[in-house]
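# Survey of secondary and tertiary structure
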Amino acid sequence: MPAGSSLASEPRLQATVALALLASKLNGDFAETGVYSGGTSILMAKVMIAHSRKVLWAADSFQGLPPEDVTAELAARKEYSMQKLPPVKSSKEGNAGEYSSSRQVFEQNLARSGLGNNARIKVLQGWFNETLPRAPIQKLAFLRLDGDIYVSTRDALEALYDKVVPGGYIYVDDYGSYTGCRDAVNQFLLQRHAAVQLHAIQEGNGFEAVWWQKVQMEVVYDHELDLNSPQVANYLQQMPAGSSLASRPRLQTTVALAILASKLNGDFAETGVYSGGTSILMAKVMLEHSGVYASRLLWAADSFQGLPPEDVTAELAARKEYNMQKLPPVKSSKEGNAGEYSSSRQVFEQNLARSGLGNNARIKVLQGWFNETLPGAPIQKLAFLRLDGDIYVSTRDALEALYDKVVPGGYIYVDDYGSYTGCRDAVNQFLLQRHAAVQLHAIQEGNGFEAVWWRKE
Ligand SMILES: C[S@@+](CC[C@H](N)C(=O)[O-])C[C@H]1O[C@@H](n2cnc3c(N)ncnc32)[C@H](O)[C@@H]1O
């Protein structure tokens with residue numbers, strides 16, 4: 001980095017490089033809002049060029065700071081002040097025109113670093129609220145904010161935060177030095193209920209910069225459900241032997257969630273009913289716990305021909321983009337084969353009959369491939385959606401057709417998240433694409449887990 005081309009301290013320069021190295025493993029470009037004379041952009045560009053094929057977006061007015069929006073800043077502070085912080089370095093306010101460095105100096109420093117006219121560095125010259133919303137940025141792996149004041153931090157977050165990929169890195173240079181920057185970050189994250197841990201870069205007795213990693217989904221072991229209650233055990237006894245492939249903890253979870261879901265307005269659905277065991281459990285709970293919704297139906301979907309062929313290309317694309325880094329240990333990472341787990345409609349109906357549920361008008365069978373039967377099914381609302389289609393395409397098709405019908409607070413259970421790679425890919429893609437901030441509860445079985453469940457926000 002050319003001498004004199006950055007205002008940042010050594011620890012903050014080091015943090016910038018370290019985060020750029022981590023971010024170069026992710027999908028998405030780099031961006032810096034507030035490049036000044038170019039020092040930190042040069043560091044980011046050097047890492048990017050050595051480790052990836054990304055682009056660096058370099059935004060600055062090249063006229064210094066804009067005037068502060070003091071009214072908005074004070075309103076943010078009033079509502080979103082954070083109580084507990086390590087000691088900050090300072091609580092400055094910026095002045096319009098401060099930190100002005102010309103575009104020419106920026107370009108000269110790039111040239112001095114061997115980065116002159118580099119096509120992978122895109123300069124966005126102008127005020128952030130004008131340039132950033134219009135910039136053709138698709139995805140960001142690393143967003144480095146260095147606009148000092150409230151308005152500049154807020155405008156950059158509003159324009160760019162949603163472009164940061166799950167797992168992407170955000171660095172804010174001025175959180176511990178400028179009050180307005182702090183107000184903008186607190187407001188933005190707290191308004192969105194983003195539960196993030198800000199890492200402060202310690203410098204002497206305080207800190208200036210913070211960084212965090214964008215997380216939208218996490219998987220935790222569940223201890224919320226009472227799986228061993230006599231009520232749950234009683235339902236399990238009513239299921240015909242050999243009518244389900246699921247383990248005891250997963251059968252117990254199915255019953256416990258069905259009981260909870262009976263308090264909500266909406267039907268039950270199972271996608272992938274096979275020989276009927278888990279549908280029978282859901283139906284039994286439904287019939288005995290009508291609650292507020294006495295006409296509740298159970299929708300039972302299956303091809304009765306086993307699994308369809310996998311959409312391997314779509315699955316691999318989903319995995320590449322939406323892989324989750326941190327999980328408790330999964331049981332297995334299987335792929336399914338077309339035709340596997342085939343059980344006939346007749347076996348399904350026989351098992352229903354053996355359970356006293358033959359020809360029950362509140363059980364609606366949707367026979368056929370999910371992508372054909374589910375989108376047109378006359379389902380209004382779901383309180384409980386149980387997914388058991390094993391593979392990517394079957395999980396994706398069921399989520400796409402039915403997730404929006406799940407009522408707020410409704411329960412979603414996925415049998416195969418911890419056993420089939422494709423199922424995991426479909427769930428990760430679906431939730432992360434929608435920026436759904438959910439906590440998946442994993443059902444522990446020995447040293448790992450297969451099923452997960454969550455409640456819709
Ligand atoms: C593992 S089994 C379900 C097990 C069952 N829920 C139990 O606990 O015993 C998977 C089922 O999903 C069905 N299936 C998977 N993908 C499907 C699709 N795309 N369309 C229709 N049925 C599908 C298969 O026919 C099979 O019966």
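Residues numbered from 1 in each chain as written. Predicted model: local features only at pLDDT ≥ 70, side-chain atom pairs only at ≥ 80, totals over all residues. Heavy atoms only, no water.

## Let's talk about the domain arrangement of the protein
To keep things clear, this is the line we draw: Reported domain spans reflect what an automatic or database domain assignment gives.
Domain assignment breaks the protein into domain 1 (10–215) and domain 2 (219–455). A separation of 42 Å is found between the C-alpha centroids of domain 1 and domain 2.

## Some remarks on the nonpolar core
The cut-off we apply is this: What we call a nonpolar core is a set of buried Ala, Val, Leu, Ile, Met, Phe, Trp, Tyr and Cys residues that are connected through their side-chain atoms within 4.5 Å. Any residue under 20% of the maximum accessible area for its type is buried, any over 50% is exposed, and the rest in between are partly exposed; the area is computed with a 1.4 Å probe on protein chains only. By definition, residues are in contact when any of their heavy atoms lie within 4.5 Å.
Val414, Tyr417, Leu431, Leu440, Val452 and Trp454 are the most contacted members of the largest nonpolar core, which totals 44 residues. With residues near it in sequence (within four places) discarded, leucine 440 still touches Met217, Glu218, Val219, Val220, Tyr417, Leu431, Val452, Trp453 and Trp454. Formed by 38 residues, the second largest nonpolar core is a distinct cluster that contains Leu251, Ile280, Leu298 and Ala300.

## Side note on the site of the ligand
Definition in use: Residues are classed as near a molecule or strand on a simple rule: at least one heavy atom within 4 Å of it. Distance and chemistry together define a polar contact, namely a pair of N or O atoms within 3.5 Å, with one atom able to donate a hydrogen and the other to accept it when in protein, and with adjacent residues in sequence counting only for side-chain atoms on both sides. Classification convention: Asp, Glu, Lys, Arg as charged; Ala, Val, Leu, Ile, Met, Phe, Trp, Tyr, Cys, Pro as nonpolar; all other residues, Gly among them, as polar.
Every one of the 22 residues lining the ligand counts as a neighbour, but Leu245, Gly272, Asp302, Asp388 and Ser394 are closest to it. Glutamate 270 is positioned such that a nitrogen or oxygen atom in its side chain is 3.0 Å from a nitrogen atom of the ligand. Considering only residue class, the shell around the ligand consists of eight nonpolar, nine polar and five charged.

## Concerning unusual backbone geometry
Basically, it comes down to this: Helix and strand definitions here come from DSSP, where helices need a minimum of 4 consecutive H or I residues and strands a minimum of 2 consecutive E residues; each element is numbered from the N-terminal end.
Positive phi, normally seen in glycine, also occurs at asparagine 117, with a value near 50 degrees. With respect to the secondary-structure elements, asparagine 117 resides in the loop between helix 4 (103–112) and strand 3 (121–125). Positive phi, close to 55 degrees, is recorded for tyrosine 274, a residue that is not glycine. If you trace the backbone, tyrosine 274 turns up in the loop between strand 9 (267–271) and helix 10 (277–288).

## So, the sheet that holds strand 14 (residues 438–445)
Stated precisely, the cut-off is as follows: What makes two strands pair is DSSP finding at least two bridges between them. Interaxial angle, 0 to 180 degrees, is taken between N-to-C directions of lines fitted to C-alpha atoms, where a helix line uses only the stretch in contact.
Taken in spatial order, the eight strands of this open sheet run 8-14-15-13-12-9-10-11, and their pairing is mixed. On the outer flanks of this sheet lie strand 8 (217–221) and strand 11 (363–367), each paired with one strand and no other. With direction set aside, neighbouring strand axes in the sheet form an average angle of 20 degrees. Of the strands in this sheet, strand 9, strand 12 (382–387) and strand 13 (406–414) are in contact with helix 14 (residues 392–402), which crosses strand 12 at around 170 degrees. Seen against the sheet, helix 15 (residues 421–433) touches strand 8, strand 13, strand 14 and strand 15 (448–455) and runs at an angle of roughly 130 degrees to strand 8.

## So, the sheet that holds strand 4 (residues 140–145)
Within a sheet, adjacent strands bond to each other through the backbone by hydrogen bonds, running parallel or antiparallel. Spatial strand order, 3-2-1-4-5-7-6: seven strands in an open sheet with mixed pairing. Edge positions in the sheet fall to strand 3 and strand 6 (199–203), since each has one partner strand and no second. Shown here is a sheet whose adjacent strand axes are inclined to one another by a mean of 15 degrees, direction ignored. Its contacts with the sheet put helix 2 (residues 39–51) on strand 1 (29–33), strand 2 (56–60), strand 3 and strand 4, and the angle it makes with strand 1 is roughly 175 degrees. Along the sheet, helix 6 (residues 150–160) contacts strand 1, strand 4 and strand 5 (164–172); its crossing angle with strand 4, the most-contacted strand, is approximately 170 degrees.

## Comments concerning helix 6
Most of helix 6 sits out of view: ten of its eleven residues are buried. For helix 6, the complete set of buried residues consists of Tyr150, Val151, Ser152, Thr153, Arg154, Asp155, Ala156, Leu157, Ala159 and Leu160. At its buried positions, helix 6 is contacted by strand 1, helix 3 (70–80), helix 5 (128–131), strand 4, strand 5 and helix 7 (179–191).

## Quick look at helix 2
Let me state the cut-off plainly: One fewer than the residue count of a helix, multiplied by 1.5 Å, yields its expected span.
Spanning 13 residues, helix 2 covers 19 Å between terminal C-alpha atoms, matching the ideal 18 Å at 1.5 Å per step. All buried positions along helix 2 are accounted for by Gly39, Thr40, Ser41, Ile42, Leu43, Met44, Ala45, Val47 and Met48. Looking at the packing, one finds that the buried side of helix 2 touches helix 1 (10–23), strand 1, strand 2, helix 4, strand 3 and strand 4.

## Examining a nonpolar patch on the surface
Note the threshold: A patch consists of residues exposed above 30% relative accessible area that lack any salt bridge, with like charges linked at up to 9 Å and nonpolar side chains (Val, Leu, Ile, Met, Phe, Trp, Tyr) linked at up to 5 Å. Working definition of accessibility: Shrake-Rupley area with a 1.4 Å probe, residue cover restricted to the visible protein chains. The rule for a salt bridge is simple: a side-chain nitrogen of Lys or Arg has to be within 4 Å of a carboxyl oxygen of Asp or Glu.
Taken together, the side chains of Met82, Leu85 and Leu190 present a nonpolar region at the surface, about 210 Å² in accessible area. Following the sequence through the fold, leucine 190 ends up in helix 7. Residue classification places leucine 190 among the partly exposed positions, given a relative accessible area of 37%.

## With respect to the packing of helix 9 (residues 248–261) against helix 10
Working note: a packed helix pair is described by the angle between its axes plus the distance between those axes. To keep things clear, this is the line we draw: Throughout this description, any angle smaller than 35 degrees is read as roughly parallel, any larger than 145 degrees as roughly antiparallel, any in the 65 to 115 degree range as roughly perpendicular, and the remainder as oblique. Working rule for handedness: look at the near helix, and if it is turned counterclockwise from the far one by less than a right angle, call the crossing left-handed; if clockwise, right-handed.
The contact between helix 9 and helix 10 brings their axes to 9 Å, and the two run at 30 degrees. As summarised for this structure, helix 9 and helix 10 are arranged roughly parallel, according to the angle between their axes. Considering how the two elements wind past one another, helix 9 and helix 10 form a crossing that is right-handed. Contact with helix 9, carried on its side by Leu251, Thr254, Val255, Ala258 and Ile259, involves Thr278, Leu281, Met282 and Val285 of helix 10 and no other residues of that element. For the contact of helix 9 with helix 10, the class distribution of residues is seven nonpolar, two polar and no charged.

## Section: the packing of aromatic side chains
This is how the line gets drawn: Two rings from Phe, Tyr or Trp (for Trp, the six-membered ring) form a pair when their centres sit within 6.5 Å of each other. Planes less than 30 degrees apart are called stacked, planes more than 60 degrees apart edge-to-face, and all others tilted. Put simply, a charge is over a ring when the Lys NZ or the Arg CZ is close to the ring centre, within 6 Å, and near the line of the ring normal, within 35 degrees.
A complete count under the given rule lists 14 aromatic pairs for this structure. An angle of 80 degrees between the planes, with centres 6.4 Å apart, marks the rings of tyrosine 36 and tyrosine 99 as edge-to-face. Here tyrosine 36, found in the loop between strand 1 and helix 2, pairs with tyrosine 99, found in the loop between helix 3 and helix 4; they are 63 residues apart in sequence, far enough to count as distant. According to the relative accessible area criterion, tyrosine 99 is partly exposed, its value standing at 34%. Summarising the aromatic geometry, the rings of tyrosine 411 and tryptophan 453 are spaced 6.0 Å apart at their centres and angled 45 degrees between planes, so their arrangement reads as tilted. Pair noted here: tyrosine 411 is in strand 13 and tryptophan 453 is in strand 15, with a separation of 42 residues, a long-range link. We classify tyrosine 411 as buried; its relative accessible area is 5%. An aromatic cluster is present here, built from Tyr161, Phe188 and Trp212 joined pairwise through their rings. Lying over the aromatic face of tyrosine 161, lysine 214 brings its terminal NZ or CZ to 4.6 Å of the ring centre.

## What to know about the pattern of salt bridges
What the rule picks out here adds up to 25 salt bridges. With a closest N to O distance of 2.3 Å, glutamate 73 and arginine 77 form a salt bridge. Here the residue glutamate 73 and the residue arginine 77 both occupy positions in helix 3, the gap between them amounting to four residues, near one helical turn. Taking the shortest distance from any N to any O, the salt bridge between arginine 77 and aspartate 183 comes out at 2.8 Å. Here the residue arginine 77 occupies a position in helix 3, and aspartate 183 occupies one in helix 7, the gap between them amounting to 106 residues. One network of salt bridges, with partners in common, ties together Arg12, Glu32, Arg144, Asp146, Asp173, Glu203 and Glu208.

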